[in-house]
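Notes for the structure review
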Amino acid sequence: MSAVKIQNLVKTFGDLVAVNELTLDVREGEIYGLLGPNGAGKTTTIRMLMGLLDPDSGHASVFGLDSTNDPVGVKRLVGYVPEEQQLYDSLTPRELFDFIASIRQLAQEKVNKRIKEFVKALDFGKYYDKMIVTLSQGNKQKTMLIAALLHAPKLLILDEPFSGLDVRSAKIMKDIVRIHTQNGGSVLLSTHVMEIAQGLCDRVGIIDEGVLVAEGTLEELRVKAHKDGATLESLFLKLTKQEDEVAEGVSVLREALVE
Ligand code: ATP
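Residues numbered from 1 in each chain as written. Predicted model: local features only at pLDDT ≥ 70, side-chain atom pairs only at ≥ 80, totals over all residues. Heavy atoms only, no water.

**Comments concerning the sheet that holds strand E4 (residues 57-62)**
Keep this limit in mind: Only strands that DSSP links by at least two bridges are regarded as paired with each other. What counts as a helix is a DSSP run of H or I of at least four residues, what counts as a strand is a run of E of at least two, and both are numbered from the N terminus.
Taken in spatial order, the four strands make up an open sheet running E2-E1-E4-E5, and their pairing is antiparallel. Single-partner strands in this sheet number two, and they are strand E2 (16-27) and strand E5 (65-66).

Rendered as structure tokens:
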């Protein structure tokens, strides 16, 4: 069974078609990277998958549960770290985790053990009892990540998980993603960081203006773009038709920087 199944998904905002007949699958046990330029429709797609936004048409499901009809069931299976954090500023991470454990009705002892391990791995002990409002962006992100992992979800959905993380934390985030799949979990993540996607993802889907322009392993994308040995960055720019714009921008900059 697929971890995620998205079929002909469409979402418009007025005249703007944010997601346009999008069809893709995330297979169980894989790390799938959703890539695309700013405004491509990644977050909108993820929000529909989480049942937070209704599609105009099409379907999205998680392990066979329909995102629109059974958002509660979907949330039980998914650990979701959104791009924009809406945290309870006046709580501490400890209080937030306790609160989540109680509304999810998780066994306290098990959760405490998990929290302890995550706090140690992420070097988060210093911040555990500080008010969330006082934390840096990266530490807020770690709070969200731990919160999303508390119920041992089958699928992790991470929207831009690497923005704001320092080198050590980004490495640990990558390790967490890998360990999650080694333990049988699945991951869908969106990112702008091509080096990370290249090193981490089993398959990627590139979307542009809401349309899936390419999908596959790095090798499959190289074949599609007729670019042997190319990096994901250069494939991404070619497949999203931004290659020429970048070259032009660089040549203008080169002149500007000389003056
Ligand atoms: P980024 O990489 O910049 O986060 P993205 O790929 O996640 O971008 P989305 O946030 O899904 O892109 O946005 C897709 C398009 O839909 C954008 O043009 C955005 O401005 C528009 N959009 C998203 N949400 C709304 C909304 N609630 N109302 C109107 N337009 C919206």
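**Overview of the environment of Met194**
Rule in force here: Classification of residues uses two cut-offs on accessible area relative to the type maximum, computed with a 1.4 Å probe and protein chains only: under 20% is buried, over 50% is exposed, and between them is partly exposed. Residue contacts are counted whenever heavy atoms from the two residues lie within 4.5 Å of one another.
Among the structural elements, Met194 can be located in helix H7 (residues 194-200). Exposure remark for Met194: the relative accessible area of 8% places this residue in the buried category. In contact with Met194, not counting residues within four places along its chain, are Leu35, Leu232, Glu233 and Phe236.

**Regarding unusual backbone geometry**
In the Ramachandran plot, Ala152 falls in the positive-phi region, its phi being about 50 degrees despite a non-glycine side chain. Inspection of the secondary structure assignment puts Ala152 in the loop between helix H5 (137-149) and strand E7 (155-159). Positive phi, normally seen in glycine, also occurs at His226, with a value near 55 degrees. Take His226: it is sitting in the loop between helix H8 (218-224) and helix H9 (232-239).

**Observations regarding the pairing of E2**
Note that strand E1 (residues 2-13) and E2 share eight bridges and pair antiparallel. If you follow Lys5 over to E2, its bridge partner there is Asp25. Hairpin remark: E1 followed by E2, antiparallel, with two residues in the connecting loop; positive phi at Gly14, about 60 degrees.

**Observations regarding the pattern of salt bridges**
Cut-off, in case you're wondering: By definition here, a salt bridge exists when the distance from a side-chain nitrogen of Lys or Arg to a carboxyl oxygen of Asp or Glu is within 4 Å.
Under the counting rule described, the total for this entry stands at eight salt bridges. Between Asp129 and Arg94 there is a salt bridge, with its nearest N and O atoms 2.6 Å apart. Here Asp129, found in the loop between helix H4 (108-121) and H5, pairs with Arg94, found in helix H3 (residues 93-103); they are 35 residues apart in sequence, far enough to count as distant. A residue is classified by how much of its surface remains accessible, and Arg94, at 35% relative accessible area, is partly exposed. The salt bridge involving Arg222 is made with Glu219; its shortest N-O contact spans 2.9 Å.

**Some details on the domain arrangement of the chain**
What counts, and what does not: Just so you know, the domain bounds were taken from an automatic or database domain assignment. Defined in terms of a 1.4 Å probe, buried area is the accessible area two parts forfeit on being brought together, summed over both. Two N or O atoms form a polar contact when they lie within 3.5 Å of each other; inside protein one atom must be a possible hydrogen donor and the other a possible acceptor, and for residues adjacent in sequence the pair counts only when both atoms belong to side chains.
Assigned domains of the chain: these are domain 1 (4-216) and domain 2 (220-259). The C-alpha centroid of domain 2 is placed 29 Å from the C-alpha centroid of domain 1. Each partner contributes to the interface: domain 1 provides 14 residues, whereas domain 2 provides eleven residues. Counting the surface domain 1 buries against domain 2, the share from its top three residues, Met194, Gln198 and Ile206, is 43%. Viewed at the interface, domain 2 and domain 1 are joined by zero salt bridges. The interface formed by domain 1 and domain 2 contains one residue pair in polar contact (both at pLDDT 80 or more). Looking at the side of domain 1 that touches domain 2, the elements that each hand over two or more residues are H7, strand E9 (203-208) and strand E10 (211-216).

**Remarks on the nonpolar core**
Applicable threshold: Among buried residues, the Ala, Val, Leu, Ile, Met, Phe, Trp, Tyr and Cys ones that are joined through side-chain atoms within 4.5 Å form a nonpolar core.
Of all hydrophobic cores here, the largest spans 49 residues; its most connected members are Leu35, Leu145, Ile146, Leu158 and Leu221. Take this core: its biggest share by element is six residues, from H5. Counting residues domain by domain, this core receives three or more from each of domain 1 (4-216) and domain 2 (220-259). Once residues lying within four places of it in the same chain are set aside, the contact partners of Leu158 are Val81, Leu145, Met173, Val177, Val187, Leu188, Leu189 and Ser190. Ranked by size, the runner-up nonpolar core spans 27 residues in total, among them Ala3, Val19, Ala40 and Met50.

**Points about the site of the ligand**
For clarity, the cut-off: Throughout, the term near means that a residue has one or more heavy atoms lying within 4 Å of the molecule or strand in question. Accessible surface is estimated by sampling points in the Shrake-Rupley manner with a 1.4 Å probe; for residues, cover comes only from the protein chains shown.
In the vicinity of the ligand lie 13 residues, with Gly39, Gly41, Lys42, Thr43 and Thr44 positioned nearest. For the ligand, an oxygen atom lies 3.0 Å from a polar atom in the side chain of Asn38. Ala40 places a polar main-chain atom, nitrogen or oxygen, 3.0 Å from an oxygen atom of the ligand. Considering the ligand on its own, with 640 Å² of exposed area, one finds that the protein chains cover 61% of that surface.

**Points about the pairing of E10**
With five bridges connecting them, E9 and E10 associate as antiparallel partners. Opposite Ile206, over in E10, you have Ala214 as the bridge partner. Between the antiparallel neighbours E9 and E10 lie two residues, among them Glu209 with a positive phi of about 50 degrees.

**A word on the environment of Leu145**
In this structure, Leu145 sits in helix H5. Sequence separation between Leu145 and Met173 is 28 residues; the distance between their C-alpha atoms is 8.8 Å. Excluding residues that lie within four positions of it along the chain, Leu145 makes contacts with Val81, Leu122, Leu158, Met173 and Ile176.

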